[in-house]
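Given next are the chains, with one letter for each unit.
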Amino acid sequence: MASLSPPPKLQFFGSDGLPLVGGKLYTYAAGTTTPLATYTDNTQAAQNTNPVILDSTGQAGVWLPETTSYKYVLKTSADVTLYTVDYVSVPVTSNSFASPPPIGSNTPNVGTFTNLTATGQVTFANTGAAIINVGTTGERPASPQSGMVRYNSTTGKYEGYSSDWGQLGGGATGGGADQVFIQNGQVVTTDYTITTNFNAGTFGPVTINGGITVTVPTGSTWTVV
């Protein structure tokens, strides 16, 4: 489907309705007074002057990056302000999504995502805290994946998922701030090997399901109390 061509050049008029010969178009980053250059063509190889000086017909070639918003301040050749227009940008095109701006360091600095995947290291560079998912036991993901971490509001504990959900840290727990009770399950359902040169302890009774093997390396001990 064809679309209507945009004006190939910008043209401005004075309050008398005549072309604004020698007029000045000042360009800034949207919402600021920080000068931000426009370009002479689509390659962005050469910047316009700032202000852009209008020609004898009140025209100028003004090219904008597809992911940047501007503020325009239009003045006469004598620097009399005619008007200001903020948040000027080109219409969204397929190219607008080809190289999106960074998240966090530049625009946008706030975003909401359903799923966000990082292929490298993720660093939280401030001194605050990261908020992780919070939910009840019944609200655990229906299809959990190894490495998931959440706060269980039913148990009041942080938990992670490997082959099953388990409390993070593995230390003693109790009511309020008490750290008294160490809990373990009563059935071994998956093969397990104690780490070499480490001992393990379990509160019994403990049942090892049929076909399941618990391997205790030489020099290690598994004690069932």
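Residues numbered from 1 in each chain as written. Predicted model: local features only at pLDDT ≥ 70, side-chain atom pairs only at ≥ 80, totals over all residues. Heavy atoms only, no water.

**Quick word on the environment of P144**
Secondary-structure assignment places P144 in the loop between strand 7 (134-135) and strand 8 (149-152). Here the alpha-carbon distance between P144 and S162, two residues 18 residues apart in the chain, equals 8.7 Å. Here P144 is in contact with Y161 and W165, once residues within four sequence places are set aside. (Helix = DSSP H or I, 4+ residues; strand = E, 2+ residues; numbered from the N terminus. Contact = heavy atoms within 4.5 Å.)

**Details of unusual backbone geometry**
Negative phi characterises most residues that are not glycine, and trans characterises most peptide bonds. Cis geometry marks the peptide bond from N50 to P51, where omega comes out at 20°. Structurally, the position occupied by P51 is in the loop between strand 2 (24-29) and strand 3 (52-53). In this chain, G204 is followed by P205 through a cis amide linkage whose omega measures 5°. Positionally, P205 belongs in the loop between strand 13 (200-202) and strand 14 (207-208).

**Examining the nonpolar core**
Formed by 13 residues in total, the largest nonpolar core has its most connected members in L25, V62 and Y72. For this core, the leading source of residues is strand 5 (residues 70-75), giving 3 residues. Residues contacting Y72, with those up to four places away along its chain left out, are L10, L25, Y26, T27, V62, L64, Y83, T84, V85 and V88. (Core = buried A, V, L, I, M, F, W, Y, C linked by side-chain atoms within 4.5 Å. Buried < 20%, exposed > 50% of the residue type's maximum accessible area, 1.4 Å probe, protein only.)

**Remarks on a nonpolar patch on the surface**
On the surface, a nonpolar cluster with roughly 340 Å² of combined accessible area is contributed by I132, V149, Y158 and L168. By the secondary structure assignment, L168 is in the loop between strand 10 (165-167) and strand 11 (187-188). What makes L168 partly exposed here is its relative accessible area of 39%. (Patch = residues over 30% accessible without salt bridge, like charges linked within 9 Å, V, L, I, M, F, W, Y side chains within 5 Å. Areas by Shrake-Rupley, 256 points an atom, 1.4 Å probe, with all protein chains shown as cover. Salt bridge = Lys/Arg side-chain N within 4 Å of Asp/Glu carboxyl O.)

Bear in mind that shape data such as this cannot, by itself, settle questions of function.
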